[in-house]
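In case you want the letters, here they are:
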Amino acid sequence: MDGFKIVLEIAPTLIALFFAIQIFRSSGALDLIVRFLTPMGKLLKIPKEVLPVIFAKLFSSSAATGFLLDIYKTSGPDSLAGFMSSVILSSTETCFYTLSVYYSVVGIEKIRYTLTGALLAVFVGTFISVFISYF
């Protein structure tokens, strides 16, 4: 019975995140962010196809997996973009999703340094994943 109660508490957050990602993707805002991040991606030698995976992974693992499958279809799983995206998805956590779900269940309202630490871990994990992918 407790599990069902937790699901009812988490459901609004999950639904909101799902719709936010879909609206973000459909509106073209994701394409705009990818264009904005492309110069930094070139500097770090990150293929353009991987940038949506990195950005979506912050919010939703399902959305990032959808982008990964798109890369598999267009470039192939053995391509640099496919391999790099796979390594990135396996090395980081969905930062905002995890914070919102776990903290809403427990009832924590002040996150203090959790977001900063989580974002730092995601960026370091992503950078190391890119570095490892070239070896």
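These numbers come from a predicted model, not from an experiment. (Residues numbered from 1 in each chain as written. Predicted model: local features only at pLDDT ≥ 70, side-chain atom pairs only at ≥ 80, totals over all residues. Heavy atoms only, no water.)

**Student:** Is there a simple way to explain the overall build of the protein chain in this structure?
**Tutor:** In terms of regular secondary structure, the protein chain is built from seven helices and zero strands. Order of helices (α) and strands (β) in the protein chain, N terminus to C terminus: α-α-α-α-α-α-α. Taken over the C-alpha atoms alone, the protein chain extends approximately 45 × 30 × 25 Å along its principal axes. Put simply, 65% of the contacts in the protein chain that link residues at least 6 apart link residues at least 24 apart. A total accessible area of about 8700 Å² is found for the protein chain, and carbon and sulfur atoms account for 70% of it. Taking the 10 positively charged and 8 negatively charged side chains of the protein chain as two groups, their mean positions are separated by 9 Å. (Helix = DSSP H or I, 4+ residues; strand = E, 2+ residues; numbered from the N terminus. Contact = heavy atoms within 4.5 Å. Areas by Shrake-Rupley, 256 points an atom, 1.4 Å probe, with all protein chains shown as cover. Lys, Arg positive; Asp, Glu negative; His and termini not counted. Charge placed at Lys NZ, Arg CZ, Asp CG, Glu CD.)

**Student:** Please explain the packing of aromatic side chains as it appears in this structure.
**Tutor:** Here a ring pair, both rings aromatic, is described through the centre-centre distance and the interplanar angle of the planes. Inspection of the entire model under this criterion finds three aromatic pairs. Through a chain of ring-to-ring contacts, three or more aromatic side chains come together here, namely Phe55, Phe59 and Phe96. (Phe/Tyr/Trp six-rings, centres within 6.5 Å; stacked < 30°, edge-to-face > 60°.)

**Student:** It is not clear to me how the environment of Thr126 should be interpreted in this structure. Could you clarify?
**Tutor:** Among the secondary structure elements, Thr126 is positioned in helix H7 (residues 114–133). Sequence separation between Thr126 and Ile15 is 111 residues, and the spatial gap between their C-alpha atoms is 27 Å. Sequence-distant contacts of Thr126, defined by excluding residues within four places in its chain, comprise Ile54, Ile88 and Thr92.

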